[in-house]
Amino acid sequence: MNDSQTVLTPEQAQQLVLARIDVLGIERVSLLDALNRLLARDEEATYDNPPHDNSAMDGYAVRFDDIASASAQQPVSLEVIEEIPAGTIGKKQVGPGQASRIMTGAPIPAGIDTVIKVEDTKRDGKSSVDIMAPEERGRHIRRRGEDMRTGEVLMSAGTRLMAGEVGVLASLQRTFVPVYRRPTIAILSTGDELVEIDEPLEPGKIVNSNTASLAAMVTAHGGVPVMLPTAPDIEDEIRRTIETALGCDFILSSGGVSVGDFDFVKKVLEDMEAEQVLWRVAMKPGKPLFFCLLRGRPFFGLPGNPVSSLMSFLQFVRPAVRKASGYAEGEWLLPTARARMHHLLNNPGDRREYQRARLDWDGDQLMADTAYRAQGSHILTSMLGANGVVVMEPGQRAEAGDEVGVQIIGDVFRPS
Ligand code: AMP
Ligand code: MG
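Criteria and cut-off values
- Residues numbered from 1 in each chain as written.
- Chains lettered and ligands numbered in written order.
- Predicted model: local features only at pLDDT ≥ 70, side-chain atom pairs only at ≥ 80, totals over all residues.
- Heavy atoms only, no water.
- Helix = DSSP H or I, 4+ residues; strand = E, 2+ residues; numbered from the N terminus.
- Rg over C-alpha atoms; globule rule 2.2 N^0.38 Å.
- Buried < 20%, exposed > 50% of the residue type's maximum accessible area, 1.4 Å probe, protein only.
- Contact = heavy atoms within 4.5 Å.
- Areas by Shrake-Rupley, 256 points an atom, 1.4 Å probe, with all protein chains shown as cover.
- Phe/Tyr/Trp six-rings, centres within 6.5 Å; stacked < 30°, edge-to-face > 60°.
- Near = heavy atom within 4 Å.
- Polar contact = N/O pair within 3.5 Å; in protein donor to acceptor, adjacent residues only side chain to side chain.
- Nonpolar A, V, L, I, M, F, W, Y, C, P; charged D, E, K, R; others polar.
- Pairing = 2+ DSSP bridges.
- Axes fitted to C-alpha atoms, helices over the stretch in contact; angles between N-to-C directions.
- Core = buried A, V, L, I, M, F, W, Y, C linked by side-chain atoms within 4.5 Å.
- Salt bridge = Lys/Arg side-chain N within 4 Å of Asp/Glu carboxyl O.

Q: How do you make sense of the overall build of the protein when you look at a structure like this?
A: Secondary structure summary: the protein contains eight helices and 28 strands in total. Taken over the C-alpha trace, the protein has a radius of gyration of 32 Å; the compact-globule value for 416 residues is 22 Å, which it surpasses by more than 25%. Counting all 416 residues of the protein, 47% fall into the buried class. Long-range contacts, defined as pairs at least 24 residues apart, comprise 71% of the intrachain contacts of the protein with a sequence gap of at least 6. Of the roughly 20,100 Å² of accessible surface on the protein, a fraction of 49% belongs to carbon and sulfur atoms.

Put into structure tokens, the structure is as follows:
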């Protein structure tokens, strides 16, 4: 059978994967552990904040009608009847011709409609103050409920909790917060040629970088990695290791899903009666992707080439992680943008190419460079500094200065 007839487009493959992913469920975590997590319920204000009208300034609480005519030439003198620090409720009602000294945040006493900031006053004696400037009625008073009103929905389920959200949850006195669970993701590298990063590099061997880079990807995109021991290209050993991963929410393998004589991962999964969902995607790098459900668990058989496994992760595993973690549908796939090429770029092949790119700003124009390093699927150093991916359709050609579609995979800072 002709390969091109059986190979799926990346969009088809994404749809097939995402259709098999469920939201994991909810756990309660302590407030600071909720940072970067997704809130799992709506949060309402449980009280008015500020809880009472209070002063926005250090100054004097006055009745506007008393001070309407005040000026530097003709100050108005008021009797100071009490001092109200923040955290204290004033005890005295301010009458005509009177004022209370008040600090920022202190509740506004009865009878008051205006605060004069201390810079506009002169206090010689203890018992009186001169108001040296007029002020609008109602100035420098923060109103009750301006920040939040009892019963108002402040954050809805699915909100990503950043520092501001943590602060509001603290204001609501939430010590524990219900958030969506993050998937635990087992990572299994396969290959007779692999040595671990702390083992001697014998002739003919290569260092297993995929377990580490995939674990980093998992963490970076909100999952919890579980790094399994590497399996040699022996069916029984691959199977034994996969069985130890069945307690995890997802399983990732790298290597062994191509068409080589020792590519046993697919065979082992078939023997374990996994339900195959897809194999092979029309993309470069990353064609040999295998996705199945193993006893209900999503299992991603990623290609072994170091760049391919990371690109496949970004296109297929990341969206699945985000769906499972409670993100809304529009937030599953990578964000995209348009950029102009720094240089000529060609895709003469018959598969869509995902080229590692460095994106930067030339004034207001987003620019893409894919030539800072070679692009082979074995060139892991092409990921260094890559904050984007240029997406090139088969036959597409972009001259220097032409617009291309890009995916954003890292921070794109605008030089100041
Ligand atoms: P495979 O898909 O098993 O045929 O592997 C494809 C290529 O990726 C081969 O050159 C492997 O040596 C390389 N490779 C496979 N697994 C890893 C890994 N864990 N770390 C680094 N390179 C790998
Ligand atoms: Mg292999």
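Still more ground to cover, so stick around.
Q: Which parts of the structure should I look at to understand the packing of aromatic side chains?
A: Each aromatic ring pair is specified by the distance between its two centres and by the angle formed by the two planes. Per the counting criterion, the structure on display carries three aromatic pairs. Here F250 and F300 contribute two aromatic rings whose centre-to-centre distance is 6.0 Å and whose plane-to-plane angle is 50°, an arrangement assigned as tilted. Note that F250 is positioned in strand 17 (residues 250–254) and F300 in strand 21 (residues 297–302), a separation of 50 residues in sequence. Each member of the pair, F250 as well as F300, is classed as buried. Where F291 meets F300, the ring centres are 4.8 Å apart and the plane angle is 50°; that geometry is what we call tilted. When its relative accessible area of 0% is taken as the criterion, F300 is described as buried.

Q: Looking at this structure, I do not really get the site of ligand 1. What am I missing?
A: The environment of ligand 1 is formed by 16 residues, the closest being E193, N208, S209, G256 and G304. Contacts to ligand 1 include N208, whose side-chain N or O atom sits 2.9 Å from a nitrogen atom. At a separation of 3.2 Å, an oxygen atom of ligand 1 approaches a polar backbone atom of N305. Considering ligand 1 on its own, with 490 Å² of exposed area, one finds that the protein chains cover 77% of that surface. In terms of residue class, the shell around ligand 1 is made up of four nonpolar, ten polar and two charged.

Q: Whenever I open this one, the sheet that holds strand 21 confuses me. Can you help?
A: Across a sheet, paired strands are connected by hydrogen bonds in the backbone, their directions being either parallel or antiparallel. Pairing within the open sheet is mixed, and its six strands lie in the order 16-13-17-21-20-18. In the strand order of this sheet, the two ends are held by strand 16 (224–227) and strand 18 (275–279), each with one partner. In this sheet, neighbouring strand axes are inclined to one another by 20° on average, regardless of whether the strands run parallel or antiparallel. Where strand 18 and strand 20 (residues 290–294) come together, four bridges link them in antiparallel fashion. Within strand 20, the position partnered with E275 by the bridge is L293. Sitting on the sheet, helix 5 (residues 210–220) is in contact with strand 13 (184–189), strand 16, strand 17 and strand 21, with an inclination near 165° to strand 13. Contacting strand 13, strand 17 and strand 21, helix 8 (residues 306–324) crosses the sheet at an angle of about 165° to strand 21.

Q: In this structure, what is going on with the sheet that holds strand 9 (residues 128–131)? I would like to understand it.
A: Across the sheet, six strands lie side by side as 7-4-6-5-9-8; this open sheet has mixed pairing. Looking at strand neighbours, the two that pair on one side only are strand 7 (114–117) and strand 8 (121–122), the edges of this open sheet. Where strand 4 (residues 59–62) and strand 6 (residues 98–102) come together, three bridges link them in antiparallel fashion. When the bridges of strand 6 are listed, G59 appears paired with I102.

Q: Explain the nonpolar core to me, please; I cannot follow it from the model alone.
A: A general feature of soluble globular proteins is that nonpolar side chains tend to end up buried together. The biggest cluster of nonpolar side chains holds 36 residues, and the ones touching the most others in it are F250, L252, L278 and F300. Discounting residues that sit within four places of it in the chain, F250 has contacts with I21, P183, T184, I185, A186, P298, F300, A320, V321 and A324. Core analysis: the second largest hydrophobic core is formed by 22 residues, L228, A231, C292 and F299 among them.

Q: How should I be thinking about the pattern of salt bridges in this particular structure?
A: This model, assessed by the stated rule, comprises 18 salt bridges. The salt bridge partner of E43 is R174, with a shortest N-O separation of 2.8 Å. Of this pair, E43 sits in strand 2 (residues 43–44) while R174 sits in the loop between helix 4 (163–171) and strand 12 (176–180), and the two are 131 residues apart along the sequence. We note that E43, like R174, is buried. Here D249 and R181 are joined by a salt bridge, their closest N and O atoms 2.6 Å apart. Of this pair, D249 sits in the loop between helix 6 (235–244) and strand 17 while R181 sits in the loop between strand 12 and strand 13, and the two are 68 residues apart along the sequence. On the basis of relative accessibility, which here comes to 16%, the residue D249 falls in the buried class. Judged by its relative accessible area of 27%, R181 is partly exposed. Through salt bridges that share partners, E11, R352 and E393 make up one connected network.

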